[in-house]
Amino acid sequence: MNMAPIGILFFIFTVICVGAKEVLFTVQCKTESVGQYGQQSLLECWVQAANGATDAGIRAISWTKEGLEGPLVFFNKGKMNKTPGYQLAEPPLNKKHTNVSLLIANTTMANAGAYKCMVITNSGDAVGDINLKVTAKYSKPTIRSDPKEITVKRDGVLTCESHGGYPKGEIRWIVEHDTEWTKGSKMEEKLDKRGLFHLSSKLPLLRGSIFSKYTCAVYSASGSREAEAIFVVEDIPSLGTQGREKEFDAASKIIAPVVVIGSLIVGLLVALLFLRRRRQNARRQSKAAILGGHLRSDPGEEEGLDAIDNSFQM
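One structure accompanies this document, and this report is about it. (Residues numbered from 1 in each chain as written. Predicted model: local features only at pLDDT ≥ 70, side-chain atom pairs only at ≥ 80, totals over all residues. Heavy atoms only, no water.)

1. Remarks on the overall build of the protein chain
Let me state the cut-off plainly: Helix and strand definitions follow DSSP, with helices as H or I runs of at least four residues and strands as E runs of at least two, each counted in order from the N terminus. By definition, residues are in contact when any of their heavy atoms lie within 4.5 Å.
Each helix and strand in the protein chain was counted, giving three helices and 19 strands. In the protein chain, 63% of the contacts between residues at least 6 apart in sequence involve partners at least 24 apart.

2. Observations regarding the nonpolar core
The criterion, for reference: The criterion is simple. A nonpolar core is a set of buried Ala, Val, Leu, Ile, Met, Phe, Trp, Tyr and Cys residues joined through side-chain atoms within 4.5 Å. For every residue, the accessible area obtained with a 1.4 Å probe (protein chains only) is divided by the maximum for its type, and the residue is called buried under 20%, exposed over 50%, and partly exposed between those limits.
If you look at the biggest cluster of nonpolar residues, it comprises 27 residues, and the most contacted ones within it are Ile-61, Trp-63 and Tyr-115. The set of elements that each furnish at least two residues to this core consists of strand E1 (25-29), strand E4 (45-49), strand E5 (58-65), strand E6 (73-76), strand E8 (86-88), strand E9 (102-104), strand E10 (113-121) and strand E11 (124-135). When residues in this core are grouped by element, the largest group, four residues, is from E11. Aside from chain neighbours lying at most four places away, what touches Tyr-115 is Leu-43, Trp-63, Thr-64, Lys-65, Leu-72, Tyr-86, Leu-102, Ile-104, Gly-128, Asp-129, Ile-130 and Leu-132. Counting residues in each nonpolar core, the second largest holds 17 residues, with Trp-173, Leu-205, Ile-210 and Phe-231 among its members.

3. Considering the environment of Ala-60
Tracing the backbone through its elements, the reader meets Ala-60 in strand E5. As for Ala-60 and Gly-78, which are separated by 18 residues in sequence, their C-alpha atoms are 8.4 Å apart.

4. So, the sheet that holds E8
Strand pairing within a sheet occurs via backbone hydrogen bonds; the two strands may be parallel or antiparallel. The test is simple: DSSP calls a pair of strands paired once it identifies at least 2 bridges connecting them. A fitted line through C-alpha atoms represents every axis, and for helices the fit uses only the stretch in contact; the resulting angles, taken between N-to-C directions, go from 0 to 180 degrees.
Taken in spatial order, the three strands line up as E3-E9-E8 in an open sheet, and their pairing is antiparallel. Pairing within the sheet leaves two strands with one partner each, and these edge strands are strand E3 (41-43) and E8. Across the sheet, the mean angle separating the axes of adjacent strands is 25 degrees when strand polarity is ignored. Where E3 and E9 come together, three bridges link them in antiparallel fashion. Along E9, the bridge assignment pairs Leu-42 with Leu-103.

5. A short note on the pattern of salt bridges
Applicable threshold: Throughout this description, the term salt bridge denotes a Lys or Arg side-chain nitrogen within 4 Å of a carboxyl oxygen of Asp or Glu.
The final tally for this structure, using the stated rule, is eight salt bridges. Glu-44 is the salt-bridge partner of Lys-30, the closest N and O atoms lying 3.0 Å from each other. Of this pair, Lys-30 sits in the loop between E1 and strand E2 (32-36) while Glu-44 sits in the loop between E3 and E4, and the two are 14 residues apart along the sequence. A salt bridge links Asp-192 to Arg-194, with the shortest nitrogen-to-oxygen separation between them at 3.0 Å.

6. Digging into the pairing of strand E16 (residues 186-191)
The buried count for E16 comes to zero of six residues, which makes it a mostly uncovered element. In this sheet, strand E17 (residues 197-205) lies alongside E16 in antiparallel orientation, the contact comprising six bridges. Opposite Leu-191, over in E17, you have Phe-197 as the bridge partner.

7. Observations regarding the state of the cysteines
Let me state the cut-off plainly: Sulfur atoms of two cysteines make up a disulfide when they are within 2.5 Å.
One pass over the full model with this rule turns up two disulfides. Across a sulfur-sulfur distance of 1.9 Å, Cys-29 and Cys-45 are joined as a disulfide pair. Across the S-S bond of Cys-29 and Cys-45 the torsion is about 115 degrees, and the bridge reads as right-handed. Of the two residues, Cys-29 sits in strand E1 while Cys-45 sits in strand E4, which places them 16 residues apart along the sequence. Given a relative accessible area of 0%, Cys-45 falls into the buried group.

8. Looking at the sheet that holds E16
The four strands are arranged E12-E13-E17-E16 in an open sheet whose pairing can be described as antiparallel. Two strands in the sheet have a free side with no partner beyond their single neighbour: strand E12 (142-146) and E16. Each adjacent strand pair in this sheet contributes to an overall mean axis angle of 20 degrees, direction not counted. Sheet analysis places strand E13 (residues 156-165) next to E17, joined by nine bridges and oriented antiparallel. What sits directly across from Glu-161, in E17, is Ser-200.

9. A short note on the packing of aromatic side chains
Formally: Working definition: rings of Phe, Tyr and Trp (its six-membered ring) pair if their centres are within 6.5 Å, and the pair is stacked with planes under 30 degrees apart, edge-to-face with planes over 60 apart, and tilted otherwise. Remark: a charge is flagged as sitting over a ring if the NZ atom of Lys or the CZ atom of Arg is within 6 Å of the ring centre and within 35 degrees of the ring normal.
Scanning the model with the defined rule gives three aromatic pairs in all. Ring geometry for Trp-181 against Phe-211: centres 5.0 Å apart, planes inclined by 80 degrees, an arrangement best described as edge-to-face. Of this pair, Trp-181 sits in the loop between strand E15 (179-180) and E16 while Phe-211 sits in the loop between E17 and strand E18 (213-219), and the two are 30 residues apart along the sequence. Under the relative-accessibility criterion, Trp-181 is labelled partly exposed at 39%. We classify Phe-211 as partly exposed; its relative accessible area is 23%. Both rings, one in Phe-211 and one in Tyr-214, keep their centres 6.0 Å apart while their planes meet at 80 degrees; by these two values the pair is edge-to-face. An aromatic cluster is defined as three or more aromatic residues linked by ring pairs; in this entry it consists of Trp-181, Phe-211 and Tyr-214. Stacked on the ring of Tyr-219, the Lys or Arg Arg-172 has its end atom at 3.9 Å from the ring centre.

Set out below in structure tokens:
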């Protein structure tokens, strides 16, 4: 809407205030309202009776913001004039209406600041003040590494970024066992065109002192942890794996000598058994040769044996 008509109406409103009667009502407002960027914001104010009055009888309402000319919303004699993006939360429909709160449709950083609500009733006029504080939640951080593949044998750098937050937050680095590792990092912040912060933190990695996991956590100005991202170094075993490897190495050092000694003993036993069997075979062959020659040299003994055999057959 054109600001000129609103300005004229505001001038009329001021004149009405000057000629108003004794004040029997006050405008009560919350001291501060906190709005979320991109969401609706409600600036709560209401008319409260004084000195036993029971009927406010609202005639006019005006909302203004410090630093801006003219009213954002102006209600007079049942007619509403408003700037786009602003409106009364509940337009007054009857004389008993007391809610004069202001509703902002899409909160931005430009909406932050001090506001004033001016109300004229049948019994007088009053003014209430309220401040709007705008916050924005940071995005989930992203981590990139340089070089792309991090190993224990070379230096590297991790960069963590998060944007779209307000007020200024902080990036912290956390390693294994929830140990904070932020001291060696360097954080930078800058405001974008929307008035929101972009955070960036670089963490140097030195060969020989690289952990298996790094967590980048974004904290708000109040110290609450809003979001995080995790970077895992693939070729670094975890502490549990390292412990199992150490146990395996210790067992290997004990088992290896036992296996070698056992193999030597088995080899010696096999060799001795082989030699023993070879000697036994040689002795048997020698005896057989001697006995065979003796039997062949005594034909009479063979004839005697044949005779005995024939006697059994009879």
